[in-house]
Amino acid sequence: MLFQVEMTVKLPPEMPAERAAEIKATEKAYAQELQRAGKWRHLWRVAGSYSNVSIFDVEDNAELQELVSNLPLFPYMAISVKPLCRHPSSICEDDA
Ligand SMILES: O=C(O)C[C@H]1C=CC(=O)O1
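If you're wondering where the values come from, they're calculated on a predicted model, not measured in any experiment.

Draft legend 1. Highlighting the site of the ligand. By nearness alone, every residue bordering the ligand is listed as Val9, Glu27, Lys28, Ala31, Trp40, Arg45, Tyr50, Asn52 and Leu73. The contact in question runs from an oxygen atom of the ligand to an N or O atom on the side chain of arginine 45, over 2.7 Å. Contacts to the ligand include asparagine 52, whose side-chain N or O atom sits 2.9 Å from an oxygen atom. Contact with the protein chains covers 87% of the free accessible surface of the ligand, which is 280 Å². Sorting the residues of the shell around the ligand by element identifies helix H1 (17-36) and strand S2 (40-45) as the ones contributing at least two each. No other element matches H1, which puts 3 residues into the shell around the ligand. Each residue belonging to the shell around the ligand can be placed in one class, and the counts come to 5 nonpolar, 1 polar and 3 charged.

As structure tokens, then:
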């Protein structure tokens, strides 16, 4: 199942810079692991913001919840999720 996930990061201003850098580094490693595993198919920065638009390819809602809630930045993000299905006019062969 494909989901569009939009994440907006809001770190508390009082968080020490070293702690923020540590969380971001752990987040990056986890995000790249999920991309290599084919679970996180697209990761795009929304220009001009600390937000991303992503496409996840997971078994079901429960797997999406597990992957997203394990993100180190999860406590500091506003997240919105939209389920996707194949468009009848799409010629993309790798669409689900
Ligand atoms: O920077 C972000 O958009 C938040 C998050 C998503 C992947 C990652 O490495 O950090």
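From this point, things continue past the structure.
Draft legend 2. Quick look at helix H2 (residues 61-69). For H2, every residue scored as buried is listed here: Glu63, Leu64, Leu67 and Val68. All buried residues of H2 project into a common sector of 125 degrees when viewed along the axis, lining one side. H2 presents Asn61, Ala62 and Gln65 as exposed residues on the side facing more than 90 degrees away from its buried surface. If you follow the buried residues of H2, they end up packed against strand S1 (2-9), H1, strand S3 (51-57) and strand S4 (77-84).

What counts, and at which threshold
- Residues numbered from 1 in each chain as written.
- Predicted model: local features only at pLDDT ≥ 70, side-chain atom pairs only at ≥ 80, totals over all residues.
- Heavy atoms only, no water.
- Near = heavy atom within 4 Å.
- Polar contact = N/O pair within 3.5 Å; in protein donor to acceptor, adjacent residues only side chain to side chain.
- Areas by Shrake-Rupley, 256 points an atom, 1.4 Å probe, with all protein chains shown as cover.
- Helix = DSSP H or I, 4+ residues; strand = E, 2+ residues; numbered from the N terminus.
- Nonpolar A, V, L, I, M, F, W, Y, C, P; charged D, E, K, R; others polar.
- Buried < 20%, exposed > 50% of the residue type's maximum accessible area, 1.4 Å probe, protein only.
- Arc of directions from axis to C-beta.
- Contact = heavy atoms within 4.5 Å.

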